[in-house]
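Overview (structure and organization)
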Amino acid sequence: MAKCLPTTGVISWITTVDHKRIGIMYGVTAFLFLLCGGIEALLMRTQLAIPNNTLVTAGTFNSLMTMHGTTMIFLFVMPLSAAFFNFLTPLMIGAPDVAFPRMNALSYWIFLFGGLLLNFSFAVRLAPDGGWFNYANLTGKVFSPSHAIDFWVLGIQILGLASLIAAINFLVTILNMRCKGMTLLKMPIFIWTTLVTQVLLILALPVITVALVMMTFDRSFGTGFFDPAGGGQVIMWQHFFWIFGHPEVYILILPAMGIVSEILPTFSRKPLFGYTVMVYSSCAIGFLGFAVWAHHMFTTGLGPWAQALFSAATMLIAVPTGVKIFNWISTLWGGQIRFTTAMLFAMSFIAMFTFGGLSGVMHSSPPIDSQHQDTYFVVAHFHYVLYGGAVMALFGGIFYWFPKVFGYYMHEGLGKAQFWLYMLGFNLTFFPMHFLGMQGMPRRVFTYSGDQGWSLWNLVATSGSYITALGGVVFVINIVYTLITKKNKAPADCWDGRTLEWSLSSPPPEYNFAVDPEVKHLDDWWHQKYTHDGRRITPRYQPDVDPATKHLPHPSFWPMIVAAGLTIIAIGFLVDGIGHYISVGGVVVTLLAVYGWVFEEA
Amino acid sequence: MSAEVVHHTVTGIDNRKFGMWVLIASECFLFGGLILNYLVNRDRGLVGPKAVDIFNIDITTLSTFDLLMSSVAMVLALHACQQHDIKKFRFWTTMVILGGIIFLGFQYFEFHHFVHAGLGLSTNVFGSSFYLLTGCHGLHVFVGVLWLTSMLVTSFVRGKDWFPSVQLEVAGLYWHFVDVVWILLFTVVYLFVYL
Amino acid sequence: MKPISKAISRASCLLSASMFSLYSLAGSFDEHPYELSASFKTPMDTLAGLTDWGQGINYVYAITTIIVGIVFLAVSIPLIYAIRRFRVSDEEFATLPLPKQVHGNVILEFTWTIIPVILLLFIAVPTWQIIFRQPEKHQIPPGSMRIEVIGHQWWWEFRYPSLGITTANELHLPEKTPVYFELSSVDVIHSFWIPQFGGKLDVMPGKGAENYLFLTTPSLQHPEQNGGEYYQGQCAELCGLSHALMRFEAVVHEKAEFERWAAVFHNPPVVQTALEKKGELVFMQCMSCHTISKTPSEDIEKQMLAMDPPVHKAGPNLTDFGSRRMLAAGTRTNTAQNFHDWVDNPPSIKPGSRMVPLGLSKADIEAVAAYLRYSTAKTY
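Reading the values: rules and limits
Residues numbered from 1 in each chain as written. Chains lettered and ligands numbered in written order. Predicted model: local features only at pLDDT ≥ 70, side-chain atom pairs only at ≥ 80, totals over all residues. Heavy atoms only, no water. Helix = DSSP H or I, 4+ residues; strand = E, 2+ residues; numbered from the N terminus. Rg over C-alpha atoms; globule rule 2.2 N^0.38 Å. Buried < 20%, exposed > 50% of the residue type's maximum accessible area, 1.4 Å probe, protein only. Contact = heavy atoms within 4.5 Å. Disulfide = S-S within 2.5 Å. Domains from an automatic or database assignment. Buried area = accessible area lost by both parts, 1.4 Å probe. Salt bridge = Lys/Arg side-chain N within 4 Å of Asp/Glu carboxyl O. Polar contact = N/O pair within 3.5 Å; in protein donor to acceptor, adjacent residues only side chain to side chain. Nonpolar A, V, L, I, M, F, W, Y, C, P; charged D, E, K, R; others polar. Pairing = 2+ DSSP bridges. Axes fitted to C-alpha atoms, helices over the stretch in contact; angles between N-to-C directions. Phe/Tyr/Trp six-rings, centres within 6.5 Å; stacked < 30°, edge-to-face > 60°. Lys NZ or Arg CZ within 6 Å of the ring centre and 35° of its normal. Patch = residues over 30% accessible without salt bridge, like charges linked within 9 Å, V, L, I, M, F, W, Y side chains within 5 Å. Areas by Shrake-Rupley, 256 points an atom, 1.4 Å probe, with all protein chains shown as cover. Core = buried A, V, L, I, M, F, W, Y, C linked by side-chain atoms within 4.5 Å. Parallel < 35°, antiparallel > 145°, perpendicular 65-115°, else oblique. Left-handed = near helix turned anticlockwise from the far one by under 90°.

Points about the overall build of chain A
When helices and strands are tallied, chain A shows 17 helices and zero strands. For chain A, the C-alpha radius of gyration of 24 Å lies close to 25 Å, the compact-globule estimate for 602 residues. Projecting the C-alpha coordinates of chain A onto the three principal axes gives extents of approximately 70 × 60 × 50 Å. In chain A, which comprises 602 residues, the share counted as buried stands at 71%. For chain A, the share of sequence-separated contacts (at least 6 apart) that also reach a separation of at least 24 residues comes to 81%.

See below:
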């Protein structure tokens, strides 16, 4: 079966196991979901533009804020990071593909179906409304009797599985498939942050899986894990959720830090300042990330000792983070900074992330947190970190690697226009939210009255969100313009880069490396281009060879079918009456597809 | 189980084996979460029977012994596979599968007995946590049985020259892990009652 | 394209600069029912710090803000300087030799590891001071007043066991008195928060999950005025559809005035006019959910609470309803028109409300309003 599948056209994309194509599919899908999450955000901001607005109802608003958070985290930032992992990891470590190419396709399809299932809830008017944290017991059967919460629980369960499979894949790829000479401390910094991210995923996802299974049992089989009436405890869900949820925060930000740490040196023409310390600080952030979950629960009545210990642990995270920030500035210092769009995004990341990080330090103190918890101050804080931080860095990464992926430079003028619209719109939206928080505006409210003193800043924030949306439109125009006109062809090493992917043609051939690379230094490609005294020498680009001479993994339908089977199992839980037949059908499909997969020639 | 291209790896460990180790790390946190939940809820059941009322330590010891023996059989099966001894490979694999099935039988018997003693899935949080924890382990045993059975059937289909050492080693890693988890569960769930 | 992006960049600089100056203007856009000393103070101002608990928070807050501000400057000044100083144009870039290739500097990196640790200690120590100042349940000073706060979807119940009083949505407090709040919920998680007093604490459902918040109530800002001073509170944890509308008011009284308020609960309502008498009859249908002190509805409540497990009435106690400024948990002002609209169709004002349209005629609503609003109105 596998041999007769085509190599171009729609079927070839559905059956592909090429990490580069899967990376592109991850990216495109992530942006489609960004559109959903963005529209949700705009609707919320429009509702809150003026007091006592009636654009949306309370129920719709709760769905919007739940799905906005869930979408942006699980369906935009995580998959967009995964797009970078997919495309770049093998290229940066000099490998022909990932360790398990078909598993890679599987994780994409599971992610896609999980995301579609989650958003399908809008179509049946059962969009989840329990917040992205889904706190029990509000989300129990008693207080949320419809299937809305089930959509969320099953959707996240499916998406978690996709991330887990991908994480195992990348961890094995990075540790097992590095090219000759690439010791751990010669890996590009982006590969390091990717590695730490995968470790976090592998250890954090099972915790949320347990909690989701318990919630499914509570909702579908009548157990009472989170129901105080039967001896259960609501606080257990919060512990489980945040033991996953806080590492999740670093799962979102670490890839972005890695991207920035690649862009800054390239456009400063200097190596990353303190590479080794950057590696250790990434590991320290990942490790500490597991020890601070209760700072999301400072107001739940933990008692003074738990508050004191978790606040100390939280403050500790500021230390490796601060080291990173100063090292980035030192990377710029004394360099030759080119103002490319990618660089603008990367530099703005430092500023915005620092700002968000500092308001985070404020919340590490439980007394302060008791005022800010669940107010717009917190909303401002995490948008500065995740939007001004993670998303800005991801956009920088797109402008940086777009020529590598598609072979053409994006339009710099449009890119800079987008950047400034984003900076303006973002700060206009989220800076006033600090004021709103200090003025006592709680989060997750669908309305407020005009006598609260919150009207002006809400209006400002809303206007900012529309400017951001305009920036998004400019980005889409840029992509379409670039891919249609195909004006500005990019050479292999289009930015004077430092890592192995720049030794490949743009876009890279299907087989990646014609000659297995061998590295001697950190940033080996740079050292192939410049001598120790700074003279430029001609490097050896990877030659193009006939793909037929390279052994490539065969394309396969099975990953998609396994993913479909798993999704059918979940759908069974959402249908009353014949639901369990559907689930059993899903199990059968999954099992058959697994057998088909196993006996297919790879 | 198909013959994937064996790449040279940096660590020298086969990708599939490495992948299984990573999965096991993840599973440790899965069972960690479930055990934690069980310990928290063990004494919080408001109604219905409690652990000390219904556990039958003798039978559980027997099923523990059975699962331990199946791990020994797993070692022997892998050894036979590596030695290219088709008879012993098939025999010991069958023994592992049997061990797994007997264990599942014990568990069915135990659950059946508990339900009759008045402890259903949703009777109280102790019961729910108990069923969730041991049931999750049982599901793992079931997956292992399915996996090894598939390998055994494949062995008969592919003939006497098929010795999937690496694949069997991966399955063995999984089996031993599931076994070790049970030792932990046996201690935490059953023996702690008598503390 | 370039002029456009430059124009946008200038505009963004201007706007962020003017943002701060606008901040002080913000208050004037809204109409305030609350008396505010400065235009940027809002009813839910988190910086007021009127109690000992709030002052403790502000103490940590001030220190932290200063340190965080210093760090922000220490990052942004070198960052902006480096970006401006080391920028090269594309033409320069093509001709320039490589800059000095610096790979790191152990002393520098060590410095910016140690300095943050020291700075964080300056935040951590006061933080711990304040954390341990808040007494736990067994440390609560004797003689403080116990108030049970019970969260309902979406309103607040307040019980004063020492006074034998139950009320709702208006938390009356004597000034300068140590009180402790025992927080519990009959349904989902809520969060009890009066921003001007201090931080919030979650209201957890389940036996043994109660939280305790201790504070000394503030002194009166304008002791010469009667009728108490109002502070707004709100639920701060998502609790379902009308989470946004789960508000309440804390009213601080001079001590004698507080005693007079409490006395209202120990006498049956005064029912004199025909309208009030009619209202009393109409209220009979309300008694399974609502209570008025010293009426048969109170006996029903006692019986319900004596059951195992205790059953709480679905609606708030309405004893001092006539004196309340707001109705439906702070959703609307307590006027005759709003009262009519509320009773006529509660879910239209508060989505998901457990009080459903009862189909009362306009006359019935007027009668019950008379009974509720005037029979128990301010006698203090």
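Section: the overall build of chain C
Helix and strand content of chain C: ten helices and twelve strands. Across the 380 residues of chain C, 53% fall into the buried class.

Details of the state of the cysteines
The tally for this structure, following the rule as stated, stands at zero disulfides over all chains. Here Cys-28 of chain B stays unpaired: no disulfide links it, and the sulfur of Cys-136 of chain B, its closest cysteine neighbor, is 12 Å away. Owing to a relative accessible area of 42%, Cys-28 of chain B belongs among the partly exposed residues under this scheme. Here Cys-239 of chain C is not disulfide-linked; the sulfur of Cys-235 of chain C is the nearest cysteine sulfur, at 3.8 Å.

Details of the domain arrangement of chain A
Quoted interface sizes are often the accessible area lost when the parts come together. Residues and elements named next belong to chain A. Splitting chain A by domain gives domain 1 (1-17 + 554-602) and domain 2 (18-553). One C-alpha centre belongs to domain 1, the other to domain 2; they are set 28 Å apart. Opposite the 24 residues of domain 1 that make contact, domain 2 presents 27 residues. Among the residues domain 1 hides against domain 2, the three largest losses belong to Trp-13, Val-17 and Leu-574. Together they make up 30% of the total. Viewed at the interface, domain 2 and domain 1 are joined by one salt bridge. For Glu-600, the salt bridge goes to Arg-102, with nearest N and O atoms at 3.1 Å.

Quick notes on the interface of chain C and chain A
Contact with chain C, which involves 97 residues of that partner, is made by 110 residues of chain A. With both sides pooled, the region where chain C packs onto chain A buries about 8,900 Å², and carbon together with sulfur makes up 72% of that total. Seen at the junction of chain C and chain A, the total is one salt bridge. With a shortest N-O distance of 3.9 Å, Glu-237 of chain C and Arg-444 of chain A are connected by a salt bridge. Taken together, the connections running from chain C to chain A amount to 26 residue pairs in polar contact (both at pLDDT 80 or more). At the level of secondary structure, the elements contributing two or more residues to the side of chain C that touches chain A comprise helix H1 (2-23), helix H2 (52-85), helix H3 (90-95), helix H4 (106-133), strand S7 (201-203) and strand S9 (229-234) of chain C. With 16 residues, H2 of chain C is the largest single contributor of residues to the side of chain C that touches chain A. Across the side of chain C that touches chain A, the residue classes tally to 61 nonpolar, 23 polar and 13 charged.

Some words on the sheet that holds strand S2 (residues 155-160) of chain C
All names here are of chain C. Here five strands make up an open sheet; going across it, the order is S3-S2-S1-S5-S8 and the pairing mixed. Edge strands, defined here as strands with exactly one partner in the open sheet, are strand S3 (165-168) and strand S8 (211-216). Geometrically, the sheet is characterised by an average inter-axis angle of 25° between neighbouring strands, direction not taken into account. As defined by bridge partners, S2 adjoins S3 across four bridges and the pair is classed as antiparallel. When the sheet's bridge partners are listed, Phe-158 is paired in S3 with Thr-167. Lying over the sheet, helix H5 (residues 255-263) contacts strand S1 (145-152), S2 and S3, oriented at roughly 95° with respect to S3.

A look at the interface of chain B and chain A
Contacts between chain B and chain A engage 39 residues on the former and 40 residues on the latter. In total, about 3,200 Å² of surface goes out of reach between chain B and chain A, with carbon and sulfur atoms giving 70% of it. The tally of links from chain B across to chain A stands at zero salt bridges. Counting every contact that joins chain B to chain A gives seven residue pairs in polar contact (both at pLDDT 80 or more). Elements with a minimum of two residues in the side of chain B that touches chain A: helix H1 (15-41) and helix H5 (125-158) of chain B. Considering each element in turn, the side of chain B that touches chain A owes the most residues, 15 residues, to H1 of chain B.

Examining the packing of aromatic side chains
All chains considered together, the criterion is met by 91 aromatic pairs over all chains. Taking 6.2 Å as the distance between ring centres and 50° as the angle between the ring planes, the aromatic pair formed by Tyr-160 of chain C and Phe-258 of chain C counts as tilted. A residue pair is termed long-range when its members are at least 10 positions apart, and Tyr-160 of chain C in strand S2 and Phe-258 of chain C in helix H5 qualify at 98 residues. An identical accessibility class is assigned to Tyr-160 of chain C and Phe-258 of chain C; each is buried. The ring of Trp-13 of chain A has Arg-21 of chain A lying over it, and the distance from NZ or CZ to the ring centre is 4.4 Å. One Lys or Arg, Arg-87 of chain C, reaches over the ring of Phe-339 of chain A and ends 3.8 Å from the middle of that ring.

Structural notes on a nonpolar patch on the surface
Residues and elements named next belong to chain B. There is a patch of nonpolar side chains on the surface, built from Phe-65, Leu-68, Met-69, Val-72, Leu-76 and Ile-183 and spanning about 480 Å² of accessible area. It is helix H3 (residues 57-82) that contributes the most residues to the nonpolar patch, five residues altogether. Mapped onto the elements, Leu-68 comes out in helix H3.

Some thoughts on the nonpolar core
Soluble, globular proteins show a tendency: their nonpolar side chains are buried together. Within the largest apolar cluster, 330 residues are counted, with the highest numbers of intra-cluster contacts made by Phe-55 of chain B together with Leu-171, Phe-181 and Phe-192 of chain C. Top contributing element to this core by residue count: helix H3 (residues 58-93) of chain A, with 22 residues. Those residues within four positions of Phe-192 of chain C in sequence are excluded, and the remaining contacts are Val-149, Trp-156, Phe-158, Leu-171, Phe-181, Leu-183, Gly-199, Lys-200, Leu-201, Val-203, Leu-213 and Phe-248 of chain C. Counting 19 residues, the second-largest nonpolar core is a separate cluster that includes Val-282, Ile-292, Phe-339 and Val-368 of chain C.

What to know about the packing of H1 of chain B against helix H6 (residues 165-191) of chain B
All names here are of chain B. At a minimum axis distance of 10 Å, the contact between H1 and H6 shows a crossing angle of 15°. In terms of their interaxial angle, H1 and H6 are classed as roughly parallel. Between H1 and H6 the crossing geometry is right-handed. Every residue of H6 that contacts H1 at Arg-16, Lys-17, Met-20, Trp-21, Ile-24, Glu-27, Cys-28, Phe-31, Ile-35, Tyr-38 and Leu-39 is listed here: Val-166, Gln-167, Glu-169, Val-170, Leu-173, Tyr-174, Phe-177, Val-181, Leu-184, Leu-185, Val-188 and Val-189.

Notes on the pattern of salt bridges
Enumeration according to the criterion identifies 19 salt bridges over all chains in this entry. Between Arg-325 of chain C and Glu-249 of chain C there is a salt bridge, with the nearest N and O atoms lying 2.9 Å from each other. On the criterion of sequence distance, the pair formed by Arg-325 of chain C in the loop between helix H7 (296-306) and strand S11 (326-327) and Glu-249 of chain C in strand S10 (residues 247-253) is long-range, its members being 76 residues apart. A relative accessible area of 28% places Arg-325 of chain C in the partly exposed class. Relative accessible area serves as the criterion here: at 3%, Glu-249 of chain C is assigned to the buried category. Three or more residues are tied together by salt bridges with common partners; here these are Asp-493, Asp-496, Lys-529 and Arg-536 of chain A.

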